[in-house]
Amino acid sequence: MISEIPKDKQLILFDGVCNLCNSSVLFVIKRDKKDKFLFAPLQSDVGKGIIKKFNIDTKDTDSILLYNPKKDNLSYKSTAALLVAKNLGFPTYILSIFLILPAFIRNWVYNYIAKNRYKWYGKKESCMIPTPELKSKFLA
């Protein structure tokens, strides 16, 4: 399943039941003018495959993950979010300037938001089902 990801794309893994995460996916899709990203919930088969391949402890990392098949590497938390922003158009790519900050500082903010995301934004009973127009952007 992981080997089927095109080398010219990057895969964003997200919490499929999180309202903030789903809104963020739609935000990225709208601004992904170069068609660089595909998406999959962490709860999906491909998500589970990447979690297993990189030996991710899901108790410690309830986070956005960015998988780059060309480099076969995985970024997570604030680094993943900022690398995604870097590939989006103006003005969103300006956020990537925060990559100069040490990850422990960026991740402190990221973790605070992640810890409170269900309380602030709510949670769905099941993963988002993409519309027919967006289905090609998602892996199961």
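Structure: above.
What counts, and at which threshold
- Residue numbers restart at each chain and count upward from 1, following the sequence in its written direction.
- Note on the predicted model: pLDDT of at least 70 is required for a residue's local features to be given, and 80 or more for side-chain atom pairs to be given and counted; whole-chain, interface and lining totals, by contrast, use all residues.
- As a rule here, side-chain values come from all non-hydrogen atoms in the structure, and water together with hydrogens is ignored.
- For a residue, the bend is simply the angle between two axes, fitted respectively to the seven-residue segment ending there and the seven-residue segment starting there.
- Where helices and strands are cited, they refer to DSSP runs of H or I of at least four residues and of E of at least two residues respectively, numbered from the N terminus.
- Each residue is assigned to one of three classes by its accessible area relative to the maximum for its type, calculated with a 1.4 Å probe on protein chains only: buried under 20%, partly exposed between the two thresholds, exposed over 50%.
- Whether two residues are in contact is decided by their heavy atoms: any pair within 4.5 Å suffices.
- For cavity detection a 1 Å grid was placed over the protein atoms alone, and a set of points counts as a cavity when a 1.4 Å probe fits there but cannot get out; an open set counts as a pocket when protein lies on both sides within 12 Å along at least five of seven lines, with lining residues being those that have an atom within 4 Å of a point.
- Grid points are joined across faces, edges and corners, and a volume is the space filled by probe spheres set on the points.
- Under the scheme applied, nonpolar residues are Ala, Val, Leu, Ile, Met, Phe, Trp, Tyr, Cys and Pro; charged residues are Asp, Glu, Lys and Arg; polar residues are all the others, including Gly.

*Asks:* Help me understand helix H4 (residues 103-121) in this model?
*Replies:* Each turn of an α-helix holds 3.6 residues, which means side chains three or four residues apart point in the same direction. The principal kink in H4, of about 40°, is found at lysine 115. For H4, the set of buried residues is Arg106, Asn107, Tyr110, Ala114, Asn116 and Arg117. Buried-residue contacts for H4 involve helix H1 (19-31) and helix H3 (77-86). Positive phi shows up at glycine 122, right after H4, with a value of about 90°.

*Asks:* Would you explain the environment of lysine 70 in this entry?
*Replies:* Summarising the element assignment, lysine 70 is placed in the loop between strand S3 (65-68) and strand S4 (73-76). It is 8.4 Å that separates the C-alpha atoms of lysine 70 and glutamine 10, two residues lying 60 residues apart in sequence.

*Asks:* Explain the layout of surface pockets here, please?
*Replies:* The gaps left among the atoms become clear once a water-sized probe is rolled over them. Taken as a whole, the largest pocket encloses approximately 860 Å³ of empty space. Forming the walls of the largest pocket are 31 residues, and the residues nearest its centre are Ser24, Ile64, Ala81, Leu82 and Tyr110. Elements with a contribution of two residues or more to the lining of the largest pocket: strand S1 (10-14), H1, H3 and H4. Per-element accounting of the lining of the largest pocket gives the leading share, 8 residues, to H4. Of the residues assigned to the lining of the largest pocket, the class counts are 23 nonpolar, 4 polar and 4 charged. What the second largest pocket holds in volume is close to 250 Å³. Surrounding the second largest pocket, 14 residues form its lining, Gln10, Leu66, Asn68, Lys71 and Asn87 being those nearest its centre. Elements supplying a minimum of two residues to the lining of the second largest pocket: S3, S4 and H3. For the lining of the second largest pocket, the residue count by class is 2 nonpolar, 5 polar and 7 charged.

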